[in-house]
Amino acid sequence: MLVSEEKPGIGGEPLIGQKVKTKYRIYPKGEGTDVPSWVAFDRQVLCFDAYLEDKVRDKSQEIYRIRFYKIYFYPEDDTIEVYEPQVKNSGLPQGTFIRRHRISLPPPNDDQFYTVCDFNINIDIIFYGWTFKIYDCDKFTKNFLRKIGVKLNPPGQCPQDPYLKMRKETLEHVEPLRPYESFDTRRQFLEYNGKVLRFFCLWDDSGSLFGERRELVLHYFLSDDTVEIKEILPENSGRDAKLFFLRRSKLPKYGPPGLHQPGQITDRSVLNVFGGLSNKQMYSYMLDKYKLGKIDQAFYKDSDLFLGATINVWGRKVVLCDCDEFTKSYYKTKYGIENFTSISYKPRPPPKIERKFPPYTGFGSEEDSLRSCLSLKPVPYQKFSKEDSYGNIGNILRFFARLITAKCADADRKFIISYFLNDGTLSVFEPIERNSGYTGGLFLKRSRVKKFGQEVFKSELSEYIKVQDLYVGAKVNVNGNLFVLLNADEYTLNYMEKNVDRFPFSSIELALQKLKEEESKSTKIRQVFSATDCNHTKMVDFNTFRDLLLDITVNRLTDQEILTIARHYRVPADMGSDGNLLIAQAQEKLKKNMFEHFDRLISSCVYEDRKKKNVLPSRDIKRLCKSHRFPLTDDLLENLLSRFEDSEGQINYKSFFLALNWRMNPMSELEALDYIKEAKLLSAFI
C-alpha cells in the first residue's frame with residue numbers, strides 16, 4: 001500500500017534536523033492500528049548489482065577501470081550499504097565501500113534521504129559524488145519492487161574491465177622462461193585425512209609348491225594415495241604373526257619395476273645453465289619444461305579399485321572380494337557405482353573327522369568313562385543342566401501302571417512310576433496291599449533307566465527313558481519289566497496339557513483333528529451316543545466314552561488322547577452339594593496333619609478386621625490360611641470359602657474356623673470320599 005506522508009514545520013516548511021518523509025513510503029495496514037515499518041520489513045534486504053568507472057591517472061596502459069559493487073538497501077530503516085567483492089591479485093583495497101547508514105540525495109535535495117522508490121534497474125545513482133550504474137538485481141528485489149508499484153526497467157549490460165581483459169590475453173600467450181610446477185597436496189590431505197578405503201582380498205597361491213589361499217585386508221589412504229596390506233592369519237596356521245604383508249607406500253601397477261640410477265626418479269628435472277667464458281662466470285639453474293628422460297610410473301588410484309578387480313601386488317595377483325560400508329558409500333557418491341556384489345573368498349570348511357571313542361569298559365557310568373577320553377584332566381559330568389534344574393525343582397510326574405507278565409500271580413500288581421523332571425531319573429513304587437502276598441514298597445530306586453535292548457559295551461552313549469516316552473497307554477520297559485501306564489495324577493495331566501510341545505498326545509487340538517478325519521461317520525457317531533444315553537441326560541460315563549471312541553476311530557486314538565478329550569468335555573463336579581461332607585473332608589485332613597492353630601488364625605483375622613465387624617473378604621482369609629500353612633488344597637479351600645460367603649463376599653471368620661475345629665466341633669464320621677480321588681486311586685478302567 002502506498003501512503004504519502006509529510007511532516008510540516010512552522011508555516012508548512014520542514015524543520016531542521018527533523019525526520020522528513022516526503023516521498024511514497026510503504027506501511028502495511030492492520031486492523032485498527034498501523035504496523036511500524038521496522039516490524040513489517042525486519043530482516044529484508046534489497047540487493048542491486050552496480051559498477052563504477054574509476055579513472056586512472058598517470059598510466060598509459062589504462063585510462064579507467066571498471067569496479068563492481070553490491071548495493072544493499074534495508075527497507076526497515078532506509079539505510080544503504082555498498083560492498084565491493086574481492087578480486088584476486090587486484091592490488092586495490094576492497095570490501096565495504098560505504099558502511100550502512102542513511103544517505104542523503106545529491107544537491108539541491110540534500111535535505112532528503114534515499115528511499116526505496118529511488119531505486120530501479122538500468123539507472124544511475126549518486127552516493128557522495130560517486131556515480132554507480134545499476135544494471136541488475138536479484139529475484140527477491142524484483143518481486144519487492146513490483147509489489148510496491150515500481151515499474152522495472154529492462155536489465156542492462158555489464159561492461160568488461162579493459163585492463164583485466166588485456167592482462168588475461170597477455171598471460172595466455174606468454175610462456176615463462178622458468179616454468180613453475182606446483183605439487184601442492186595439502187588440499188587432498190586436508191580433505192581426506194583419516195579416510196581410508198578397506199577391501200577384503202584373496203591371494204590364491206595354491207598353484208605353487210606348499211602354497212595356499214591367503215586372506216588379506218587392503219587399506220587405501222585417500223590423503224596420499226598410499227596402500228598397505230595386512231594378512232589375516234587363521235588359527236594354527238604355522239606362520240609368523242607379521243604386522244604387515246605390505247608396508248604403506250604407493251603401489252605401482254606394473255611391478256616389480258626395474259632398477260633405476262640415483263636421481264632418475266624425481267619430481268622435477270633441473271638443467272644447468274652455462275654462464276660463459278668470462279672471468280665472472282655465473283652458474284644458474286632452470287627447470288626442464290620438456291621433461292626429457294623422465295620415467296613415468298603408474299600407481300594404483302581409487303578409480304582402479306573395485307569389487308572383482310585383480311591387482312598386481314609386486315607380482316602377486318590379489319582379487320578384491322568385498323569392502324566395508326564406508327567404501328561402498330564413497331564409491332556410490334563419487335563414481336555412482338550401485339552394484340557391490342561380494343565374491344565368496346572364505347575357504348570351504350574342512351571335512352569334519354568323526355571322533356571315535358573306545359567302547360565302554362563297565363566301570364562307573366558311561367558319562368564318567370567318556371570324560372577320561374575327552375581331556376587329559378577329566379572334568380566331572382554334570383548330571384543335569386542348570387536350566388532344567390532351576391525350572392523343574394520339585395516337579396514330579398506320577399503315573400499309575402500295571403505289570404505285563406505271563407505269570408498269573410503277578411498280573412494284578414499295581415505300581416506308581418515317578419519321573420523327576422530336574423534330572424531325568426525314574427523310580428517305581430508298589431503300594432502296600434494287605435493279604436496280597438507281596439511286601440510292596442520300593443520296587444526300583446531313583447536312577448536313570450536305559451532303554452531296553454541296547455548293547456552294553458559300545459562307544460556311543462546309551463539312550464535313556466525320557467519324559468516324552470511316558471503317557472497314558474504307553475508301554476515302558478524298565479530293566480526288563482514291561483509296564484503299561486494306565487493313568488496319571490491331576491498334577492501330571494495338567495502339566496502335560498500345559499506343555500503340549502513336549503507332550504503332543506495331551507493336545508486337545510491334535511486329538512480333535514483326528515476325530516474330524518472321521519467326519520464321514522458323523523451320522524453313525526450320533527446314533528451310537530444316542531443309543532448309549534437311554535435317559536437322555538446327554539452324559540455318558542468314562543468307560544463307555546472310551547470304548548465308543550476306540551470303536552469309531554479303529555484304535556487310532558491313544559488312551560492319553562481319549563483322556564484329554566474326556567477332561568476337556570467332562571461335567572463339572574458339584575462340589576457344594578453337601579456342606580457337611582466338605583467340612584468332614586477338611587477336618588479329616590486337618591486331623592491327619594495335627595493342625596490345631598485355630599486361635600492364632602482367629603487372632604490374625606481380628607487384627608485384620610479394622611472395623612470390628614467380625615467379617616473379612618474371602619481373599620484375605622485365604623491369604624491368612626496360606627501364611628499359617630493351612631494343610632488344605634486350593635480347590636477344597638475355595639469351596640469351603642464359597643459355602644461361608646454372604647451376598648457381599650464377606651465371611652464370618654469366627655464361625656468359619658470354629659466349624660473347621662476338629663477338636664471342639666468334630667463332625668460325625670461320614671464316607672468322606674476325596675473329590676480328587678482320580679489323582680490318588682487307580683482309574684476306573686484299570
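Conventions used here
Here the residue index of a chain counts from 1 through its sequence in written order. For this predicted model, a pLDDT threshold of at least 70 governs which residues receive local features, and a threshold of 80 or more governs which side-chain atom pairs are given and counted, while totals over whole chains, interfaces and linings are taken from all residues. Values reported for side chains reflect all heavy atoms of the structure, with hydrogen atoms and water molecules removed beforehand. UniProt positions are given in the numbering used here, feature names are shortened, and annotations may be inferred rather than shown by experiment. A pair is scored as a salt bridge if a Lys or Arg side-chain nitrogen falls within 4 Å of a carboxyl oxygen belonging to Asp or Glu. Only DSSP runs of H or I with at least four residues qualify as helices, and only runs of E with at least two residues qualify as strands; both kinds are numbered from the N terminus onward. When accessible area is computed with a 1.4 Å probe and restricted to protein chains, residues below 20% of their type maximum are described as buried, those above 50% as exposed, and intermediate ones as partly exposed. Think of each axis as a best-fit line through the C-alpha atoms, taken over the contacting stretch in the case of a helix, with angles from 0 to 180 degrees between the N-to-C directions. Roughly parallel means an angle under 35 degrees; roughly antiparallel, over 145; roughly perpendicular, 65 to 115; everything else is oblique. Contacts: residue pairs with any heavy atoms within 4.5 Å of one another. Asp, Glu, Lys and Arg are counted as charged, while Ala, Val, Leu, Ile, Met, Phe, Trp, Tyr, Cys and Pro are counted as nonpolar; the rest, among them Gly, fall into the polar class. Take the buried Ala, Val, Leu, Ile, Met, Phe, Trp, Tyr and Cys residues and link them wherever side-chain atoms come within 4.5 Å; each set so joined is a nonpolar core. Any two strands are treated as partners once DSSP identifies two or more bridges connecting them. In this scheme, a crossing is called left-handed if the near helix is turned counterclockwise away from the far one by less than a right angle; it is called right-handed if the turn is clockwise. Geometry of aromatic contacts follows a simple scheme: Phe, Tyr and Trp rings, the Trp one being its six-membered ring, pair when their centres are within 6.5 Å, and the pair is stacked under 30 degrees between planes, edge-to-face over 60, tilted otherwise. For a lysine, the NZ atom is tested; for an arginine, the CZ atom; a charge sits over a ring if that atom is within 6 Å of the ring centre and within 35 degrees of the ring normal.

The protein chain appears in an unreviewed UniProt entry as EF-hand domain-containing family member C2 from Heterocephalus glaber. If you open the UniProt record of the protein chain and go to Function (unreviewed entry), you find "Microtubule inner protein (MIP) part of the dynein-decorated doublet microtubules (DMTs) in cilia axoneme, which is required for motile cilia beating."

> What is the right way to look at the pattern of salt bridges in this model?
Pairs may arise between side chains of opposite charge once their charged atoms sit close together. If you walk through the whole model with that rule in mind, you get 36 salt bridges. Across the salt bridge formed by Lys-301 and Asp-225, the nearest N and O atoms sit 3.2 Å from each other. Taken together, the residues span a long stretch of sequence, with Lys-301 in the loop between β14 (284–287) and β15 (310–313) and Asp-225 in the loop between β10 (213–221) and β11 (226–232) at a distance of 76 residues. On the basis of relative accessible area, Asp-225 is assigned to the buried category, the value being 13%. Residues Arg-663 and Glu-596 are paired through a salt bridge, measuring 2.6 Å at the closest nitrogen-oxygen approach. You can see Arg-663 sitting in the segment after α17 (653–660) and its partner Glu-596 sitting in the loop between α13 (579–592) and α14 (598–608), a full 67 residues away along the chain. Through salt bridges with shared partners, one network takes in Asp-54, Arg-67 and Glu-84.

> Any chance you could explain the packing of α14 against α17 here in plain terms?
Each pair of packed helices can be described by the angle between their axes along with the distance between the axes. At a minimum axis separation of 10 Å, α14 and α17 run at an interaxial angle of 170°. With respect to α17, the element α14 is oriented roughly antiparallel. Taking contact as the criterion, the partners of Phe-598, Leu-601, Ile-602, Cys-605 and Val-606 in α14 are, on α17, Tyr-653, Lys-654, Phe-657 and Leu-660. Here the residues of the contact of α14 with α17 are counted per class, giving 8 nonpolar, no polar and 1 charged.

> How should I be thinking about the nonpolar core in this particular structure?
One recurring pattern in soluble globular proteins is that nonpolar side chains are buried together. With 28 residues, the main nonpolar core has Leu-397, Leu-426, Leu-470, Phe-483 and Leu-485 as its most contacted residues. Where this core is concerned, the elements lending two or more residues are β17 (396–403), β18 (414–420), β19 (425–430), β21 (475–478), β22 (481–488) and α8 (490–498). When residues of this core are assigned to their parent elements, the largest contribution, 4 residues, is made by β17. Those residues in contact with Leu-426 that sit more than four places away from it in its chain are Ile-417, Ser-418, Tyr-419, Leu-444, Lys-445, Arg-446, Ser-447, Val-449, Ile-465, Leu-470 and Val-478.

> Looking at this structure, I do not really get the sheet that holds β17. What am I missing?
Sheet strands pair via backbone hydrogen bonds, and the direction of the pair is either parallel or antiparallel. Reading across the sheet, the 6 strands line up as β20-β19-β18-β17-β22-β21 and stay open at both edges, with antiparallel pairing between neighbours. Two strands in the sheet have a free side with no partner beyond their single neighbour: β20 (441–447) and β21. With strand direction ignored, the average angle separating the axes of adjacent strands in the sheet is 30°. Strands β17 and β22 of the sheet are contacted by α8, whose axis makes an angle of about 115° with β17.

> I would appreciate a short explanation of the pairing of β11 in the present structure.
Regular strands place side chains that alternate from one sheet face to the opposite one. Sheet topology places β10 next to β11; 7 bridges connect them, and they run antiparallel. Bridge pairing in β11 places Val-217 opposite Lys-230. Between β10 and the antiparallel strand that follows it, β11, lie 4 residues; Asp-225 among them carries a positive phi value of about 60°. The pairing of β11 with strand β12 (residues 246–249) spans 2 bridges and is antiparallel. Of the residues in β12, the one forming a bridge with Val-227 is Ser-249.

> Help me understand the packing of helix α15 (residues 618–627) against helix α16 (residues 634–644), please; the structure alone is not making it clear to me.
Relative to each other, α15 and α16 sit at 140°, their axes nearing to 11 Å. Comparing the axis directions of α15 and α16 gives the class oblique. Note on packing geometry: the crossing formed by α15 with α16 is right-handed. Side by side, α15 and α16 meet where Ser-618, Ile-621, Lys-622, Cys-625 and Lys-626 of the first sit next to Asp-634, Leu-637, Glu-638 and Leu-641 of the second. In terms of residue class, the contact of α15 with α16 is built from 4 nonpolar, 1 polar and 4 charged.

> Teacher, can you tell me more about the packing of aromatic side chains here?
Each aromatic ring pair is specified by the distance between its two centres and by the angle formed by the two planes. Counted under the stated rule, the structure contains 29 aromatic pairs. Where Tyr-330 meets Tyr-331, the ring centres are 5.5 Å apart and the plane angle is 90°; that geometry is what we call edge-to-face. Tyr-331 gets classed as buried once you look at its relative accessible area, which sits at 3%. A cation over an aromatic ring shows up here: Arg-413 above the ring of Tyr-438, its NZ or CZ 4.1 Å from the ring centre.

> For this particular structure, what's the right way to read the sheet that holds β15?
One open sheet accounts for 6 strands, arranged β12-β11-β10-β9-β16-β15; its pairing is antiparallel. Two strands in the sheet have a free side with no partner beyond their single neighbour: β12 and β15. Between one strand axis and the next, the sheet turns through 35° on average, direction left out of account. Those strands touched by helix α5 (residues 325–334) are β9 (196–204) and β16 (316–323), and its axis lies near 110° from that of β9.

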